[in-house]
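Remarks on the overall topology
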Amino acid sequence: MENLINDVLLGLLMITGFAIVRMKSLLGVTMLTSIYSLLSASLFVVLDAVDVALTEAAIGAGIATVLMVATVALTTDEEKVPRHTPLLPLLVVMATGAALIYGTLDMPHHGDPLAPAHRYVADSYLHDSPVEIGVPNVVTSVLASYRGYDTLGEVTVIFTAAAGVLALLGYRTRGRNIEAAGIRKQVVLRVIAKLFFPLILLFALYVQFHGDYGPGGGFQAGVIFATGFILYALAFGLGTAQRLIPSQLLRILAAAGVLIYAAVGLESMLLGGKFLEYRVLADDPIAGQHLGILLIELGVGITVASVMLIIYYGFVSRRH
Amino acid sequence: MDMVLAVLSWSCLLGGAIFLLIGALGVLRFPDFYTRLHAVSVCDTLGAGLVLAGLMLQGGFSLVTVKLLLMFYFMMFTGPTAVHALAQAAMQGKLQAVVDEHEPE
């Protein structure tokens, strides 16, 4: 049964992929990529990777779609007709595809217990995590504690992305109240947005602080927070959203999140442990791990949410 | 009791599936944007709603049912709102509906 669902989802993914290639309207392509993301999110749920699915649904189907629509609105909806013959690109794509398919022949089968990913460290993570870290969600304990250095690197990468977007697009600290013509008249949309805005933020908080026990954590909560504010900005205009959360504040928050993360690492060094060794943060090693994970997840959430909003502000304030 | 619940839940699930099918057929067969929108709005409300109701009957009094109820609540708001927004956007873009010119006799 599970395999059948997998096959159907993969088939739909393939059809969507072909439709994206065939479609000429760029707005249509944007909508199809959104559907593609939603399908992959469902596939991740079937594969029991709910943490990834949450992020994919919020970023791929939500934020990325809004950003692409903003880009299409800035540029044009028409696909450029290529002047050269598509023979060479076709050959390159076919060669790359063939190489990739050849590469999959060496990969272990789906769910193979002897796959390299399931040998080496994974066993000890699954075995030791309840004793050493005591967090029910092993994904969180691997991400935040065992692989704390990697995650710090990832958060820094996200922060750098915001810096890059700011450097390329520039920012307007005092955005004029840009509103699409007629959105003021859309009473239904505004009422529903007002109704859902607090619920989305509440759900983001749940995902943030429930990450130790169930799927979720800083990355997921951050993007859900950002989608809430983007919904608000879509319904009430960029100026209103910037009064609610100004760009200056966002830039400070984006840096503050990374700093919270790094400060937890330094604090554990000051208390006599290694960098990001949360055990020493409290008297009881398990309580220390809990505290450390809570704090760094908070840092991740703050950075991710503010970076997503910085990118959104950057794209949308370019209009007009 | 179990039997009644099972029959109720499966009729809800089947009913939902039928409405989803009708919505999909309508999107494919109807002549213009507005009528297609009319067809697809059935999927979000009656189709998904009945499927969720059927699943709630399967879940009984449990956390799953609470989560399904929340999903039901969200679907009931987001679906019609999305369709409304699409129709408004089409109106603002001055999309003409296909109108049958022949007067009925």
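Residues numbered from 1 in each chain as written. Chains lettered and ligands numbered in written order. Predicted model: local features only at pLDDT ≥ 70, side-chain atom pairs only at ≥ 80, totals over all residues.

Digging into the interface of chain B and chain A
Each side of the interface is counted separately: chain B has six residues, and chain A has five residues. Split into classes, the residues belonging to the side of chain B that touches chain A amount to two nonpolar, four polar and no charged. (Contact = placed C-beta atoms within 7 Å. Nonpolar A, V, L, I, M, F, W, Y, C, P; charged D, E, K, R; others polar.)

As for the domain arrangement of chain A
Residues and elements named next belong to chain A. Each assigned domain of chain A is listed with its residue range as follows: domain 1 (1–78) and domain 2 (120–320). Between domain 1 and domain 2, the C-alpha centre-to-centre distance is 23 Å. With 14 residues of domain 1 at the contact, the number on the domain 2 side is 19 residues. Residue composition of the side of domain 1 that touches domain 2, grouped by class: 10 nonpolar, three polar and one charged. (Domains from an automatic or database assignment.)

Let's talk about the environment of phenylalanine 30 of chain B
Within the secondary structure layout, phenylalanine 30 of chain B lies in the loop between α1 (2–29) and α2 (33–59). Once residues within four sequence positions are removed from consideration, phenylalanine 30 of chain B is found in contact with Thr35, Arg36 and Ala39 of chain B. (Helix = DSSP H or I, 4+ residues; strand = E, 2+ residues; numbered from the N terminus.)

A closer look at the confidence of the model for chain B
With 97% of its residues at a pLDDT of at least 70, chain B reaches an overall mean of 88. Across the interfaces of the predicted complex, the ipTM metric reaches 0.82, alongside a pTM of 0.85. (pLDDT = per-residue confidence, 0-100.)

Brief notes about the environment of serine 41 of chain B
Residues and elements named next belong to chain B. Here serine 41 lies in helix α2. Sequence separation between serine 41 and alanine 82 is 41 residues; the distance between their C-alpha atoms is 9.0 Å. Aside from chain neighbours lying at most four places away, what touches serine 41 is Gly79, Pro80 and Val83.

Considerations on unusual backbone geometry
With the exception of glycine, most residues fall at negative phi, and the peptide bonds are largely trans. In this structure, leucine 276 of chain A takes a positive phi of about 65° despite not being glycine. The residue leucine 276 of chain A is located in the loop between α11 (247–270) and α12 (285–316) in this model. For leucine 276 of chain A, a count of 22 C-beta atoms within 10 Å corresponds to the buried category. Notably, lysine 94 of chain B is not glycine yet its phi reads approximately 60°, a positive angle. Mapped onto the elements, lysine 94 of chain B comes out in the segment after α3 (63–92). Residue lysine 94 of chain B is classed as exposed on the basis of its 6 C-beta neighbours within 10 Å. (Buried ≥ 20, exposed ≤ 12 C-beta atoms within 10 Å, placed from the backbone.)

Digging into the packing of helix α7 (residues 148–169) of chain A against α12 of chain A
Packed helices, taken two at a time, are described by the angle between their axes plus the distance between the axes. All names here are of chain A. It is the contact of α7 with α12, at a shortest axis distance of 9 Å, that shows an interaxial angle of 20°. By the criterion of interaxial angle, the relationship of α7 to α12 is roughly parallel. In the crossing of α7 with α12, the sense of the turn from one axis to the other is left-handed. Facing α7, whose interface residues are Gly148, Thr151, Val155, Ile158, Phe159, Ala161, Ala162, Val165, Leu166 and Leu169, α12 presents Ile296, Val300, Thr303, Val304, Val307, Ile310, Ile311, Gly314 and Phe315. (Axes fitted to C-alpha atoms, helices over the stretch in contact; angles between N-to-C directions. Parallel < 35°, antiparallel > 145°, perpendicular 65-115°, else oblique. Left-handed = near helix turned anticlockwise from the far one by under 90°.)

Overview of helix α5 (residues 120–132) of chain A
Residues and elements named next belong to chain A. Taking 1.5 Å of rise per residue, the 13 residues of α5 would be expected to cover 18 Å, and the 18 Å separating its terminal C-alpha atoms lies within 8% of that figure. In α5, a bend of some 35° at leucine 126 exceeds every other bend along the element, and proline 130, a proline, comes one to four places later. Count one or two residues on from α5 and you reach glycine 134, which has phi positive near 75°. (Expected span 1.5 Å × (residues − 1). Bend = angle between axes of the 7 residues up to and from the residue.)

Re the nonpolar core
Residues and elements named next belong to chain A. Counting residues in hydrophobic clusters, the biggest one holds 58 residues, and the most contacted among them are Val307, Met308, Leu309 and Tyr312. Counting only elements with at least two residues in this core, the list comes to α3 (50–74), α6 (138–146), α7, α8 (187–209), α9 (218–236), α10 (238–244), α11 and α12. Here this core takes 14 residues from α12, the largest share from any one element. Split by domain, this core shows at least three residues from each of two domains, domain 1 (1–78) and domain 2 (120–320). Among all residues touching tyrosine 312, those that are not within four sequence positions of it are Val66, Leu67 and Ile230. (Core = buried A, V, L, I, M, F, W, Y, C linked by C-beta atoms within 7 Å.)

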